[in-house]
Amino acid sequence: MMKHLLLIGVIITSAAGLHAQDKTIQNLQTEGSKNIKKDAADTAKKTWKTGGLFSINASQASLSNWSAGGDDFSMALTAYLNGYAFYKHGKHYWDNTLDINFGYVNTTSLGARKNDDRVDYLTKYGYELNSKLSLATLFNFRTQMLRGYTYDKDVKTFASTFLAPAYVTLSLGIDYRPVKNLSIFVSPVSSRWIIVKDDSLSARGIYGVDTGKHSINEMGAYVTVNYSAKLNDIVTYKGRLDLFSNYKHNPQNVDLYMTNLFAVKLSRVLSATWSLDLIYDDDTKLFGPDKNSAGLQMKSVIGAGLLVKF
């Protein structure tokens, strides 16, 4: 009888031990599953957001014995590249955008010339005070890539090249973001450098840089407004407005720089685009009857072609 009781006790003890082991294993599996899910969530959370778009439009026309007149041959090519990289961690953010535009036209009557050329890099670091307002510092660099000319009838005049002119702006101010995709940066203390690296352009003193000098520094107030929106299912808009008032010279003559880009999606990769740029710089004296006055510059380009988002 005693042997039977001992055997029953051993069986009960073993069963209890196995049950406890099963519970332990289950708990370990549950905790492990939680950790795996947590690790996966941490890994999936991104601090960088990157992307952009590339657009290229081309057109070509040929005429032969065309009574209405026109150029025997014409070709136009325009390309636009926009890239962005946005970093966000806690109250800190870092916003970067790069825009590159280039346009080329070739006709039998006018020859080959560029009709668009721009390199524009903007970077902004901010610290959030609340959900809409931040302390921020901004750096902007803007120039063109190739030699550019102004045309007066049959006379071609050298007007620009890489780093001539170039504009470098460094600002400290407030970044206000009232709604998604809208940023209004205001700086009462900004420093701007105008660079004219080319000797022949520097000798003419046409961009506000003293004759024979290669750069000048300006202190002033600076405002930049950046906005992008999807207007409907097929139309998107991206725009920017820069205003700068030079405290040292004619602060009432505010420099203006504005870009607008509308894109209409025609298919998955085809689109129509319209870009409109406006510039007024009181120190760019290339216009007027004597070619020594400032003036509002306007550029409008319409095209259809390939549009790729990345």
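Here the structure is shown first, and the text comes after it.
Model, not experiment: these values are computed from the prediction.

Enquirer: I'd like a rundown of the overall build of the chain, residues and numbers included.
Expert: Across its full length, the chain holds two helices and 14 strands. Considering the chain as a whole, with its 310 residues, one finds that 33% of them fall into the buried category. Across the chain, every contact between residues at least 6 apart in sequence was considered, and the portion connecting residues at least 24 apart equals 53%. Element-wise, carbon and sulfur atoms account for 63% of the exposed surface of the chain, whose accessible area totals about 19000 Å².

Enquirer: An account of the side chain of K124 is requested, with residue identities and associated values reported.
Expert: Mapping K124 onto the fold places it in strand β4 (residues 111-128). There is a polar contact of 3.3 Å between the side chain of K124 and the side chain of D175. A distance of 2.7 Å separates the side chain of K124 from the side chain of S183, its partner in a polar contact. Beyond its immediate chain neighbours, meaning those up to four positions away, K124 contacts Y93, W94, D95, A136, T137, L138, D175, S183 and F185.

Enquirer: Explain the packing of aromatic side chains residue by residue, including any values.
Expert: Tallied over the entire structure, the rule returns eight aromatic pairs. Ring centres of F262 and W274 lie 5.6 Å apart, and the angle between their planes is 15°; on these two criteria the pair is classed as stacked. Separated by twelve residues along the polypeptide, F262 in strand β12 (residues 255-265) and W274 in strand β13 (residues 270-280) bring together distant segments of the chain. Cluster of aromatic residues (ring-pair linked, three or more members): Y227, Y237, F262 and W274. Seen from the ring of Y257, R142 lies directly overhead, with NZ or CZ sitting 3.9 Å from the centre. In this structure, K156 is placed above the aromatic ring of Y149, and the distance from its NZ or CZ to the ring centre is 4.5 Å.

Enquirer: Could you give me a rundown of the sheet that holds β13, with the residues and numbers involved?
Expert: Here we have twelve strands rolled up into a closed barrel, ordered β1-β2-β3-β4-β5-β8-β9-β10-β11-β12-β13-β14, and antiparallel in their pairing. On average, adjacent strands in this sheet sit at an angle of 20° to one another, irrespective of strand direction. Pairing geometry for strand β11 (residues 235-246) and β12, over ten bridges, is antiparallel. From the neighbouring strand, F244 faces β12, where its bridge partner is D255.

Enquirer: Account for a nonpolar patch on the surface, with residues named and values stated.
Expert: On the surface, a cluster of nonpolar side chains totalling about 640 Å² of accessible area is made up of W48, W94, Y125, Y127, L129, L135 and I174. Along the chain, Y127 turns up in strand β4.

Enquirer: Please set out empty space enclosed by the protein residue by residue, giving values where relevant.
Expert: Scanning the model with the defined rule gives one cavity of 30 Å³ or more in all. By volume, the largest cavity amounts to about 60 Å³. Around the largest cavity, the lining residues are E218, N246, H249, N250, N253, D255, D281, D282 and D283. A class-by-class count of the residues in the lining of the largest cavity yields no nonpolar, four polar and five charged.

Parameters and conventions
- Residues numbered from 1 in each chain as written.
- Predicted model: local features only at pLDDT ≥ 70, side-chain atom pairs only at ≥ 80, totals over all residues.
- Heavy atoms only, no water.
- Helix = DSSP H or I, 4+ residues; strand = E, 2+ residues; numbered from the N terminus.
- Buried < 20%, exposed > 50% of the residue type's maximum accessible area, 1.4 Å probe, protein only.
- Contact = heavy atoms within 4.5 Å.
- Areas by Shrake-Rupley, 256 points an atom, 1.4 Å probe, with all protein chains shown as cover.
- Polar contact = N/O pair within 3.5 Å; in protein donor to acceptor, adjacent residues only side chain to side chain.
- Phe/Tyr/Trp six-rings, centres within 6.5 Å; stacked < 30°, edge-to-face > 60°.
- Lys NZ or Arg CZ within 6 Å of the ring centre and 35° of its normal.
- Pairing = 2+ DSSP bridges.
- Axes fitted to C-alpha atoms, helices over the stretch in contact; angles between N-to-C directions.
- Patch = residues over 30% accessible without salt bridge, like charges linked within 9 Å, V, L, I, M, F, W, Y side chains within 5 Å.
- Salt bridge = Lys/Arg side-chain N within 4 Å of Asp/Glu carboxyl O.
- 1 Å grid on protein atoms, 1.4 Å probe; cavity = no way out; pocket = protein on both sides within 12 Å on 5 of 7 lines; lining within 4 Å.
- Points joined across faces, edges and corners; volume = space filled by probe spheres on them.
- Nonpolar A, V, L, I, M, F, W, Y, C, P; charged D, E, K, R; others polar.

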